[in-house]
Amino acid sequence: MTLEFKAWFQCINGCSGRYPLNEIIYRCPDCGELLEVVHDMDVLRQRSADEWRDLFDQRYRRHDWPYGSSVWGKKELVCPMLDNANIVSTYEGGTNLFWADRLGKQLGLKDLWVKQCGMAHTGSFKDLGMTVLVSMVKQMRAEGKNIRAVACASTGDTSAALAAYCAVADIPAIVFLPKNKVSLTQLIQPITHGVLTLSLDTDFDGCMKMVQEVCSQNDIYLANSMNSLRIEGQKTISFELYQQFDGEIPDFVIVPGGNLGNVSAIAKGFKMLYDLEIIKKLPRLVCAQAQNANPLFRSFQKGFKSFKSIRAKKTLASAIQIGSPVSIKKAIRALQEFDGIVGEASENELANAVGRANKTGLLCCPHTGVALAVLEKLVAGGVIQPKHKVVVISTANGLKFTDFLAKYHAGKLKDVQAECVFQPVELPADSQKVRATILEKLGV
Ligand SMILES: *Cc1c(COP(=O)(O)O)cnc(C)c1O
Ligand SMILES: [Zn+2]
């Protein structure tokens with residue numbers, strides 16, 4: 001029997017309309033709220049938990065295109081109606097689950113893991129969602145829909161991913177970046193892919209407003225995570241954790257949050273496995289925010305009874321410098337369902353968390369630093385205990401943020417008292433002096 005897997009857009013407020021995934025629509029026409037992708041769970045349930053697990057494992061990191069990609073290895077649970085000929089993939093996911101043994105011991109934890117999502121084609125976890133969105137665009141263009149280009153506002157990583165995937169598929173793309181608020185690497189990524197790069201004299205929230213206006217005519221397709229196709233790809237982080245831990249579900253998953261699509265996505269992934277009875281428990285979710293851009297944290301402190309957008313201040317964690325998160329409703333619901341916690345980290349805390357982690361062999365970006373700093377606080381507060389299995393989602397590759405690292409180790413970051421300062425030692429090419437200096441530094 002062949003099963004017909006189905007998914008569609010539906011309003012998160014429960015309005016009754018259903019819209020096909022190949023329709024250009026981002027918000028509910030009845031109430032204006034965001035849409036989400038809803039899957040026909042009854043069809044998915046016709047395969048047992050064991051059958052799904054075996055299928056995922058069979059495909060994982062193999063050569064059978066496109067299923068070797070860890071996103072497309074779960075195609076039936078992600079975006080089932082895509083024609084494989086339209087899939088635009090760079091072999092997503094399958095990123096290393098790093099056992100942070102030394103860092104864990106320093107914190108008093110035995111079971112600390114860092115999911116290295118930045119070990120990706122464009123150096124951040126944004127590839128996971130972008131492969132789904134750009135594949136759908138390719139399909140819609142193949143069906144004759146008038147989509148001239150795909151556009152996004154970005155704090156640097158979404159634009160890098162959109163640019164790369166559109167370059168792979170030969171689809172025009174436009175990226176809206178806040179001027180001087182992304183790293184040099186992030187700026188160069190869309191440039192080198194030959195994508196129209198707009199550097200706007202505003203912040204991310206300003207770029208987000210701008211791109212929505214530009215996309216309102218429907219001939220330019222919006223690639224931000226308010227487009228819930230992206231969430232479907234990002235949720236495979238949870239599927240992959242399930243796979244990599246051989247079915248054991250961690251007690252805590254900590255992720256840095258800005259626009260809040262990802263914390264919602266991770267929740268959606270675990271919830272789906274739970275609803276399909278593939279897993280029997282849910283982890284507690286922790287969203288980590290920079291103190292300078294912490295609207296969700298403020299809401300959490302009020303028991304999520306109210307939410308106010310803020311004007312985000314400058315933070316080293318530039319990819320989460322967002323004051324008006326698009327996915328706020330999804331995120332609050334997800335956190336409530338997952339007994340969630342929201343933490344915050346100051347500039348000093350996030351930078352030194354990176355410094356300490358990197359000294360144990362990691363190479364973290366500032367956003368991962370926010371998550372690690374929040375982890376440190378939850379351990380200090382006794383919420384996370386030695387018996388707990390904890391995963392920190394590392395969202396981008398540290399190599400995208402060498403400017404931050406160089407300034408940290410030179411002790412030149414504003415509002416940061418660097419605790420792990422290391423600098424190169426300059427010496428003449430004289431072996432005796434070199435050896436004497438080595439012995440001195442080793443304290444021999
Ligand atoms: C996008 C991004 C985040 C945050 O994800 P949201 O869905 O915007 O909350 C965190 N870290 C990095 C490096 C990112 O690029
Ligand atoms: Zn609605």
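How each quantity is defined
- Residues numbered from 1 in each chain as written.
- Chains lettered and ligands numbered in written order.
- Predicted model: local features only at pLDDT ≥ 70, side-chain atom pairs only at ≥ 80, totals over all residues.
- Heavy atoms only, no water.
- Pairing = 2+ DSSP bridges.
- Helix = DSSP H or I, 4+ residues; strand = E, 2+ residues; numbered from the N terminus.
- Buried < 20%, exposed > 50% of the residue type's maximum accessible area, 1.4 Å probe, protein only.
- Lys, Arg positive; Asp, Glu negative; His and termini not counted.
- Salt bridge = Lys/Arg side-chain N within 4 Å of Asp/Glu carboxyl O.
- Polar contact = N/O pair within 3.5 Å; in protein donor to acceptor, adjacent residues only side chain to side chain.
- Donors = N, O, S within 2.8 Å, 3.2 Å for Na, K, Ca; no water.
- Tetrahedral: all angles 85-135°; square planar, octahedral: opposite > 155°, others 65-115°.
- Near = heavy atom within 4 Å.
- Areas by Shrake-Rupley, 256 points an atom, 1.4 Å probe, with all protein chains shown as cover.
- 1 Å grid on protein atoms, 1.4 Å probe; cavity = no way out; pocket = protein on both sides within 12 Å on 5 of 7 lines; lining within 4 Å.
- Sits in = over half its atoms within 2 Å of the grid points.
- Nonpolar A, V, L, I, M, F, W, Y, C, P; charged D, E, K, R; others polar.
- Points joined across faces, edges and corners; volume = space filled by probe spheres on them.
- Axes fitted to C-alpha atoms, helices over the stretch in contact; angles between N-to-C directions.
- Parallel < 35°, antiparallel > 145°, perpendicular 65-115°, else oblique.
- Left-handed = near helix turned anticlockwise from the far one by under 90°.
- Contact = heavy atoms within 4.5 Å.

> Quick question: what am I supposed to make of the sheet that holds strand S3 (residues 35-39) here?
Whenever strands of a sheet pair, they do so through backbone hydrogen bonds, lying parallel or antiparallel. In space, the three strands of this open sheet follow the order S2-S1-S3, with antiparallel pairing throughout. Both edges of this open sheet fall to strand S2 (18-19) and S3, since each of them pairs with a single strand only. Where strand S1 (residues 7-11) lies against S2, two bridges are found, and the strand directions are antiparallel. Among the inter-strand pairings, Phe 9 is bridged to a residue of S2, identified as Tyr 19.

> Looking at this structure, how should I read the side chain of Asp 40?
Relative to the elements of secondary structure, Asp 40 occurs in the loop between S3 and helix H1 (41-44). Here Asp 40 is buried and forms no salt bridge, its nearest opposite-charge partner Lys 6 lying at an N-O distance of 4.2 Å. In terms of polar contacts, Asp 40 uses its side chain to reach the backbone amide nitrogen of Asp 42, at 3.2 Å. Within the structure, the side chain of Asp 40 is placed 3.3 Å from the backbone nitrogen of Val 43, a separation counted as a polar contact.

> How should the coordination of the zinc ion (ligand 2) be read in this particular structure?
Six octahedrally arranged donors around a metal ideally form angles of 90 or 180 degrees; four tetrahedrally arranged donors ideally form angles of 109.5 degrees. All of the protein donors around the zinc ion (ligand 2) are Cys 11 (SG), Cys 15 (SG), Cys 28 (SG) and Cys 31 (SG); their distances to the metal are 2.3 Å. Around the zinc ion (ligand 2), the four donor atoms are arranged such that angles at the metal cover 98 to 114°; this shape is classified as tetrahedral. One chain supplies every donor to the zinc ion (ligand 2), and in sequence these donors are spaced C-x3-C-x12-C-x2-C. With Cys 15 in the loop between S1 and S2 and Cys 28 in the loop between S2 and S3, the pair connects residues that are 13 residues apart, well separated along the chain. Of the residues examined, Cys 28 reaches a relative accessible area of 4% and is grouped as buried.

> When you look at helix H10 (residues 236-244) in this model, what are you seeing that I'm missing?
Every α-helical turn comprises 3.6 residues, leaving residues that sit three or four positions apart pointing alike. Among the nine residues that make up H10, eight are buried, leaving the element largely enclosed by the rest of the structure. Those residues of H10 not exposed but buried are Thr 236, Ile 237, Ser 238, Phe 239, Glu 240, Leu 241, Tyr 242 and Gln 243. Among the residues trailing H10, Asp 246 stands out with phi positive, at a value near 55°.

> Is there a simple way to think about the pattern of salt bridges in this case?
Counted by the stated rule, this structure contains 23 salt bridges. The partner of Arg 53 in a salt bridge is Asp 54, with the nearest N and O atoms 3.5 Å apart. Judged by its relative accessible area of 34%, Arg 53 falls in the partly exposed class. The partly exposed category is assigned to Asp 54, whose relative accessible area is 40%. One network of salt bridges, with partners in common, ties together Asp 50, Arg 53 and Asp 54.

> How should the site of ligand 1 be read in this particular structure?
Around ligand 1, the structure places 15 residues, and the nearest of them are Lys 126, Asp 157, Gly 258, Asn 262 and Thr 395. In this structure, an oxygen atom belonging to ligand 1 sits 2.9 Å away from a main-chain N or O atom of Asn 259. A distance of 2.8 Å separates an oxygen atom of ligand 1 from a polar backbone atom of Leu 260. In the complex, the protein chains occlude 97% of the 380 Å² of accessible area that ligand 1 would expose alone. Because more than half of its atoms lie within 2 Å of the grid, ligand 1 is assigned to the largest cavity. Split by residue class, the shell around ligand 1 holds six nonpolar, seven polar and two charged.

> Sorry if this is basic, but what is going on with empty space enclosed by the protein here?
Remark: the empty space left among the atoms is shown by a probe the size of a water molecule rolled over them. Within this structure, the stated rule accounts for two cavities of 30 Å³ or more. Around the largest cavity, the lining is made up of 26 residues, and of these Phe 125, Lys 126, Asn 259, Asn 262 and Ala 319 lie nearest the centre. If you list the elements that add at least two residues to the lining of the largest cavity, you get helix H6 (157-169), helix H9 (229-234) and helix H11 (261-275). In terms of residue class, the lining of the largest cavity is made up of 10 nonpolar, 13 polar and three charged. Looking at the second largest cavity, its volume works out to about 40 Å³. Every residue along the wall of the second largest cavity is listed here: Thr 155, Pro 178, Lys 181, Asp 203, Phe 204, Ser 318 and Gln 321. Counted by class, the lining of the second largest cavity contains two nonpolar, three polar and two charged residues.

> Help me out: how do you make sense of the packing of H6 against helix H7 (residues 184-192) in this one?
Two numbers describe a pair of packed helices, the interaxial angle and the distance between the axes. Between H6 and H7, whose axes approach to 8 Å, the crossing angle comes to 20°. One finds that H6 runs roughly parallel with respect to H7. As H6 packs across H7, the resulting crossing turns out to be left-handed. Of the residues in H7, those touching H6 at Asp 157, Ser 159, Ala 160 and Ala 163 are Gln 186, Gln 189 and Pro 190.

> Explain the layout of surface pockets here, please?
Its boundaries defined by the atoms lining it, the largest pocket holds a volume of some 600 Å³. As for the largest pocket, its lining consists of 23 residues, and the residues nearest its centre are Lys 314, Thr 315, Leu 316, Asp 403 and Lys 407. Secondary-structure elements contributing two or more residues to the lining of the largest pocket are H7 and helix H16 (402-409). If you tally residues by element for the lining of the largest pocket, the top one is H16, at four residues.

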